[in-house]
Amino acid sequence: MTYITKPKLHHPSLPTNRLGYTRRDYEGSVSTLCAGCGHDSISAAIIQACFELSLPPHRIAKLSGIGCSSKTPTYFLGNSHGFNSVHGRMPSVLTGANLANRDLIYMGVSGDGDSASIGLGQFAHSIRRGVNMVYIVMNNGVYGLTKGQFSATADKGSKSKRGAVNSDEPIDLVGMALQLGATFVARSFSGDKQQLVPLIKAAILHKGAAFIDCISPCVAFNNHAGSTKSFDYVREHNEALNRLDVIPERQTIEVDYEPGSIEEVVQHDGSVLRLNKLAPEYDPHDRIAALTHLQERHAEGEVVTGLLYLDPTPRDLHDHLATVEKPLNVLDEAELCPGQEALQRFNAQHR
Amino acid sequence: MKATDVSDPDYFHKVVDCQWACPAHTPVPEYIRLIAHGRHADAYMINWKSNVFPGILGRTCDRPCEPACRRGRVEKDPVAICRLKRVAADNKGDIADRLPKGPFPRNGKRVACIGAGPASLTVARDLTPLGYEVVVFDGDARAGGMIRSQIPKFRLPESVIDEEVGYIVDLGVETRLGSYVSSLRSVLAEGFDAVFVGCGAPRGRDLDVPGRKEAAANIHIGIDWLASVSFGHVEKIGRRVVVLGGGNTAMDCCRTARRLGGEDVKVIVRSGFEEMKASPWEKEDAMAEGIPIMNFLVPKSFTHEGGRLTGVVFEKVAPKFDDKGRRSLVPTGEPDLHVACDDVLVAIGQENAFPWIERDAGVEFDRWGLPVLGEKTFQSTNPKVFFGGDAAFGPKNIIWAVAHGHEAAISIDRFLRGEDVAARPPPMTTLVSQKMGIHEWAYDNDISNELRQKVPHAAPDIALRDIKVEVELGFDQKLAWAEAQRCLNCDVQTVFTPKLCIECDACVDICPMDCITFTENGEEEDLRRRLMAPALNLAQDLYVAEGLKTGRAMIKDEDVCLHCGLCAERCPTGAWDMRKFYLEMTQAGQGCRTR
Ligand SMILES: Cc1cc2nc3c(=O)[nH]c(=O)nc-3n(C[C@H](O)[C@H](O)[C@H](O)COP(=O)(O)OP(=O)(O)OC[C@H]3O[C@@H](n4cnc5c(N)ncnc54)[C@H](O)[C@@H]3O)c2cc1C
Ligand SMILES: Cc1ncc(C[n+]2csc(CCOP(=O)(O)OP(=O)(O)O)c2C)c(N)n1
Ligand code: SF4
Ligand code: SF4
Ligand code: SF4
Ligand SMILES: [Mg+2]
């Protein structure tokens, strides 16, 4: 951390968004993470994405568990709602909040320890229920906060800072998210904001369970030679499938691309995701092929990144449960207590 | 772009905007920090070494440093650098024991300085401790040049001039005051090894329009009149006064007239108010004393009755722009304006004049009547004769006169030692890390949100009663501290070591000013548009570093960097470091010599 607060002064030509805010207005307090921590870059990417989408900060709720990664919500979106749950319990708190108020944008922030160890069950159920959220795992392969023990996402054969070799099989959260029915699945790298920012924007616009696994090197405990989550390793083995542009409304393509290299996906709100395919044969709408491709490449030691899977017409938890349209806090007495007659009709349905 | 060579002393010097803009290259941020620490004598000595007249300049400097100050680009107003300098001078206490002390062993060479203005006095100060016997001549009875004769006492008290001129004379400089030099040949004949001409630009321009001769008794040339006031020959002026001209001399004339009985004093200028040559603060101060400034009026004639001036007739004009954007003043056709008055002060410019330099003395003049000089050496076509100050390139200001004086002193020293005058000594620089601990720096890196502090003024009724009452009271120590905190420490440089960088983006993410970008290198024009924030200020350099693992380049736009050190604090590997760049100009003496 630093002893001084980040100066209020900003670049004289700093742009403002549709709401009149600058990017700086989406910042939080100054980070207390280790200097150089990948998590800080992801925070910066979240700030940039929310700024670019002109999101009103008070319409966002950020929820997290425990860990260095789970501390980051303090360092972005200082004017948004926040909830720091116990270790691994972010998904159930988020699910509950979402059920109560479906109008907010939910940003679940977690770590590989928080989600793949203690919170694995929580992670799984929130995904399979299709909670409308952005679920970001800042994945560094270790428990950073407790001084660098291997986490469940550490690759088999990866070396710890002290030289111990991990002998356990890794949990692949992306693979699980695909199997459990997430309707938006991506992987990215904290050191590549050009890829990460559009992915976060697209995930926010996606009305369903959007999962992003973001490799985020721990400079203190997992950035050495022999680690598969270091800056150098990820840069060397990064296999980007595509680059994404998020376009608020459909526009004609001005740039010439190779035929077949561009795919446009219209989202439910009219926004367009323009995929620049770096691997033309990869189909991001085929769940099973995606799983196969990921496993094949992982076996080769490669880290596949980009938008891995997208269902453009997702259904979420509220659709499944046919819940009331409005947030619970705006329902009036008549709606909440519909009277004796309504109660009897309801009971009759269950006889 | 090519990778930046930070070992070139100009590179980091340019980042210190104020120091780069200062003609004498005074290490501004260093002395501002000392003032913040209450070390006024230390701050004073840095100034004294570099600009010779800190107390005088702290009140009167044209302050080219301030429009250059980075604070003006990142907030609203620049740091009040000039007035902070005065704080050091006002609070320094006794510094006599820090000054060089004579008598100095003589080296047998004699140097004459013509004129006792700031240029000559700087030459005398630099050369006397080296053993030169320096003799300063002036036609006036007291030393100081226009500092003494022109600048009114309500801006600069006599005691400050006495003190700082005294420090130089006390080194053992011989002054021959009240002795106007009427022949360069005779000075050379006296056996001087070198002559420095620092006689200024002593002639005020006149206005030759009908009525000028008839009303002469009440029409005064501004600088002659101010000199007469300064030396006590004039103590009064008429009730209604018109000042012609829009420069700083006009501002001093009108404010002086207000104090000598002028109740209805007006400044009248040909051009528009915005285009006036006077500094904005001089205009403000004049207007605050109830002096209106009227513009777009061209003087046509003086009216008079029985040999007495009765007023001035003006033609009304308006600006007109041609297709090239060039402006001319064209009559509006409205009836002329007659402004009744008792006295007129003509302050429409100054000229150089060298009636005392014989045309066959070996000193060539160009077609504007200025001496032909070596650009950096200040040596004339007579190798023994050097020029500086207003005499060199026409009227400028005190700090330029001082800067010229330092350069001329180097030339004279090298010349009299038989060394090549054209070879100029490089500045002396150091670059020292400010890191004390993980988050601790040897400088205060926090950024103050204070706006520019205002200098308190004496109440107008008191100030206008007596010409000797100083208008500006100067910052007290509390205001000085608040103002000093606004300085961004631009001399504490961000230094980047590519081989340590792991490209984690931490510096990019933390930088409050979007200075840093990691991207593919390219041509400067293209690069400037591709950065985190477009780098549109072409006067400010891009810091380019190569040798990163991904093959990208680190590009830092120096323009609006706050020198807050957050990039270095957030850097996990120490690839960024904050290092203090100290640059001192080499002055005459050991450092400037080849042998
Ligand atoms: C009204 C007015 C106000 C000003 N206010 C400011 C200000 O606030 N800040 C600022 O920075 N600058 C100001 N200036 C400009 C500044 O005073 C000059 O630029 C500066 O003094 C030039 O210094 P110098 O050493 O070249 O010569 P000068 O200061 O002009 O000194 C030259 C000296 O040489 C003497 N001299 C000339 N010829 C001879 C001779 N033949 N023999 C002997 N002696 C001779 C003169 O008597 C004079 O004393 C002002 C100028 C004027 C006219
Ligand atoms: C119930 C409970 N068990 C254990 C811990 C100890 N603990 C704190 S953080 C952490 C792991 C965090 O790892 P991860 O989510 O990967 O976050 P990182 O610090 O790596 O970003 C553990 C086990 C705890 N705080 N609470
Ligand atoms: S311990 Fe690792 S994860 Fe935690 S702040 Fe430090 S670098 Fe980041
Ligand atoms: S902020 Fe300070 S160091 Fe920077 S230009 Fe201004 S006075 Fe000089
Ligand atoms: S010192 Fe570093 S962090 Fe601060 S403004 Fe300059 S480049 Fe940015
Ligand atoms: Mg972790």
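Residues numbered from 1 in each chain as written. Chains lettered and ligands numbered in written order. Predicted model: local features only at pLDDT ≥ 70, side-chain atom pairs only at ≥ 80, totals over all residues. Heavy atoms only, no water.

Trainee: So what's going on with the overall build of chain A? Residues and values would help.
Mentor: Secondary structure assignment for chain A yields 12 helices and 13 strands. What you see for chain A is a C-alpha radius of gyration of 21 Å, in line with the 20 Å of a compact globule of 351 residues. Taking all 351 residues of chain A together, the buried fraction comes to 53%. Once local pairs closer than 6 in sequence are excluded, the contacts in chain A between residues at least 24 apart make up 70%. Element-wise, carbon and sulfur atoms account for 52% of the exposed surface of chain A, whose accessible area totals about 15800 Å². (Helix = DSSP H or I, 4+ residues; strand = E, 2+ residues; numbered from the N terminus. Rg over C-alpha atoms; globule rule 2.2 N^0.38 Å. Buried < 20%, exposed > 50% of the residue type's maximum accessible area, 1.4 Å probe, protein only. Contact = heavy atoms within 4.5 Å. Areas by Shrake-Rupley, 256 points an atom, 1.4 Å probe, with all protein chains shown as cover.)

Trainee: An account of the site of ligand 4 is requested, with residue identities and associated values reported.
Mentor: Close to ligand 4 lie B:Cys18, B:Pro29, B:Cys69, B:Arg70, B:Val79, B:Ile81, B:Cys487, B:Leu488 and B:Cys490. Tallied by class, residues from the shell around ligand 4 come to 8 nonpolar, no polar and 1 charged. (Near = heavy atom within 4 Å. Nonpolar A, V, L, I, M, F, W, Y, C, P; charged D, E, K, R; others polar.)

Trainee: How would you explain the domain arrangement of chain B if you had to name every residue and give the values?
Mentor: Reports of interface size often rely on the accessible area that becomes lost once the parts have come together. Residues and elements named next belong to chain B. Each assigned domain of chain B is listed here: domain 1 (110-202 + 352-416) and domain 2 (204-349). Centre-to-centre, using C-alpha coordinates, domain 1 lies 31 Å away from domain 2. Every contact between the two is made by 12 residues of domain 1 and, on the other side, 11 residues of domain 2. Between domain 1 and domain 2, roughly 970 Å² of surface is buried when both sides are summed, and carbon and sulfur atoms account for 54% of that area. Looking only at domain 1, the three residues that lose the most surface to domain 2 are Gln150, Phe154 and Arg155, adding up to 53% of its buried area. Connecting domain 1 to domain 2 are 2 salt bridges. (Domains from an automatic or database assignment. Buried area = accessible area lost by both parts, 1.4 Å probe. Salt bridge = Lys/Arg side-chain N within 4 Å of Asp/Glu carboxyl O.)

Trainee: Which residues make up helix H3 (residues 90-100) of chain A, and what values do they have?
Mentor: All names here are of chain A. For H3, the set of buried residues is Met90, Pro91, Leu94, Thr95 and Asn98. Down the axis of H3, the sector holding all buried residues measures 130 degrees, keeping them to one side. Contact partners of the buried residues in H3: strand S1 (60-64), strand S3 (105-111), helix H5 (120-128), strand S4 (133-139) and helix H10 (317-321). (Arc of directions from axis to C-beta.)

Trainee: Run through the site of ligand 2, naming residues and quoting values.
Mentor: All names here are of chain A. Of all residues adjacent to ligand 2, which total 17 residues, the nearest are Ser69, Asp112, Gly113, Asp114 and Gly144. Ser69 places a side-chain nitrogen or oxygen 2.8 Å from an oxygen atom of ligand 2. Relative to its unbound accessible area of 590 Å², ligand 2 is 73% covered by the protein chains. No other element matches the 3 residues that helix H4 (residues 112-116) contributes to the shell around ligand 2. By residue class, the composition of the shell around ligand 2 is 6 nonpolar, 9 polar and 2 charged. (Polar contact = N/O pair within 3.5 Å; in protein donor to acceptor, adjacent residues only side chain to side chain.)

Trainee: An account of the packing of helix H3 (residues 28-36) of chain B against helix H8 (residues 81-91) of chain B is requested, with residue identities and associated values reported.
Mentor: Residues and elements named next belong to chain B. At a minimum axis separation of 10 Å, H3 and H8 run at an interaxial angle of 50 degrees. With respect to each other, H3 and H8 are oriented oblique. For H3 against H8, the interelement crossing comes out left-handed. For the pair H3 and H8, the contacting residues are Val28, Tyr31, Ile32 and Ile35 in the first and Ile81, Leu84, Lys85, Val87 and Ala88 in the second. Looking at the contact of H3 with H8 residue by residue, the class counts come to 8 nonpolar, no polar and 1 charged. (Axes fitted to C-alpha atoms, helices over the stretch in contact; angles between N-to-C directions. Parallel < 35°, antiparallel > 145°, perpendicular 65-115°, else oblique. Left-handed = near helix turned anticlockwise from the far one by under 90°.)

Trainee: Describe the interface of chain B and chain A, with residues and values.
Mentor: Facing the 34 residues of chain B at the interface are 31 residues of chain A. For the pair chain B and chain A, the summed buried surface comes to about 2700 Å²; carbon and sulfur atoms form 56% of the total. By the criterion of area lost to chain A, the three top residues of chain B are B:His439, B:Asp509 and B:Arg570, representing 23% of everything that side buries. Linking chain B with chain A are 5 salt bridges. Along the contact surface separating chain B from chain A lie 15 residue pairs in polar contact (both at pLDDT 80 or more). Going through the elements one at a time, helix H7 (71-74), helix H20 (506-510) and helix H22 (566-570) of chain B are the ones with two or more residues in the side of chain B that touches chain A. Residues that form the side of chain B that touches chain A fall into these classes: 18 nonpolar, 4 polar and 12 charged.

Trainee: I'd like a description of the coordination of the magnesium ion (ligand 6), backed by residues and values.
Mentor: Residue and element names in this part refer to chain A. Those protein atoms acting as donors to the magnesium ion (ligand 6) are Asp112 (OD), Asn140 (OD1) and Val142 (O), and they sit at 2.1 to 2.2 Å. Between consecutive donor residues of the magnesium ion (ligand 6), the sequence gaps follow D-x27-N-x1-V. Here Asp112 is found in helix H4, whereas its partner Val142 is found in strand S5 (residues 142-143), with 30 residues between them in sequence. With respect to burial, Asp112 and Val142 carry one shared label: buried. (Donors = N, O, S within 2.8 Å, 3.2 Å for Na, K, Ca; no water.)

Trainee: Before we move on, could you go through the sheet that holds strand S11 (residues 262-266) of chain A and cite the residues and values that matter?
Mentor: Residues and elements named next belong to chain A. Judged by pairing direction, the sheet is antiparallel, and its 3 strands sit side by side in the order S10-S12-S11 without closing on themselves. Each edge of the sheet is formed by a strand with only one pairing partner; in this case those strands are strand S10 (242-247) and S11. Taken over all neighbouring pairs, the strand axes of this sheet differ in orientation by 20 degrees on average, direction set aside. Relative to strand S12 (residues 272-277), S10 runs antiparallel, the two being bridged by 6 bridges. Within S12, the position partnered with Asn242 by the bridge is Lys277. (Pairing = 2+ DSSP bridges.)

Trainee: Can you break down the environment of B:Pro118 residue by residue, with the values?
Mentor: Residues and elements named next belong to chain B. Structurally, the position occupied by Pro118 is in helix H9 (residues 118-127). Under the relative-accessibility criterion, Pro118 is labelled buried at 11%. Put simply, Pro118 and Gln350 are 232 residues apart on the chain and 17 Å apart in space, counted from C-alpha to C-alpha. Not counting residues within four places of it along the chain, the set of residues in contact with Pro118 comprises Phe53, Gly144, Ile147, Ile398, Ala401 and Val402.

Trainee: Talk me through the pattern of salt bridges; I want residue IDs and the actual numbers.
Mentor: Residue and element names in this part refer to chain B. Overall, the coordinates contain 71 salt bridges over all chains when judged by the stated rule. Taking the shortest distance from any N to any O, the salt bridge between Arg98 and Asp42 comes out at 2.7 Å. Residue Arg98 is located in the loop between H8 and strand S1 (110-114), and its partner Asp42 is located in helix H4 (residues 40-51); the two are separated by 56 residues in the primary sequence. A salt bridge links Glu470 to Arg59; the nearest nitrogen and oxygen atoms lie 2.8 Å apart. With a gap of 411 residues between them, Glu470 in the loop between helix H18 (460-465) and helix H19 (477-485) and Arg59 in helix H5 (residues 54-60) connect regions that are remote in the sequence. It is possible to trace a salt-bridge network through shared partners that takes in Asp17, Arg70, Arg73 and Asp559.

Trainee: Any chance you could break down unusual backbone geometry for me, citing the residues and the numbers?
Mentor: Cis geometry marks the peptide bond from B:Gly102 to B:Pro103, where omega comes out at -5 degrees. Turning to its location among the elements, B:Pro103 is positioned in the loop between H8 and S1. At A:Leu77, a position not held by glycine, the phi torsion is positive, near 50 degrees. By secondary structure assignment, the location of A:Leu77 is in the loop between helix H2 (68-71) and strand S2 (81-84). The exposure class of A:Leu77 is buried, given its relative accessible area of 1%. Here the phi dihedral of B:Phe378 falls at roughly 65 degrees; this positive angle occurs in a residue that is not glycine.

Trainee: Tell me what's going on with the state of the cysteines, and back it up with residues and numbers.
Mentor: In the structure shown here, the tally under the stated rule is 0 disulfides over all chains. In this structure A:Cys50 is a free cysteine whose sulfur lies 15 Å from that of A:Cys214, the closest cysteine sulfur available. Judged by relative accessible area, which is 0%, A:Cys50 ranks as buried. B:Cys113 supplies the cysteine sulfur nearest to B:Cys592, a cysteine that is in no disulfide, at a spacing of 16 Å. What makes B:Cys592 buried here is its relative accessible area of 2%. (Disulfide = S-S within 2.5 Å.)

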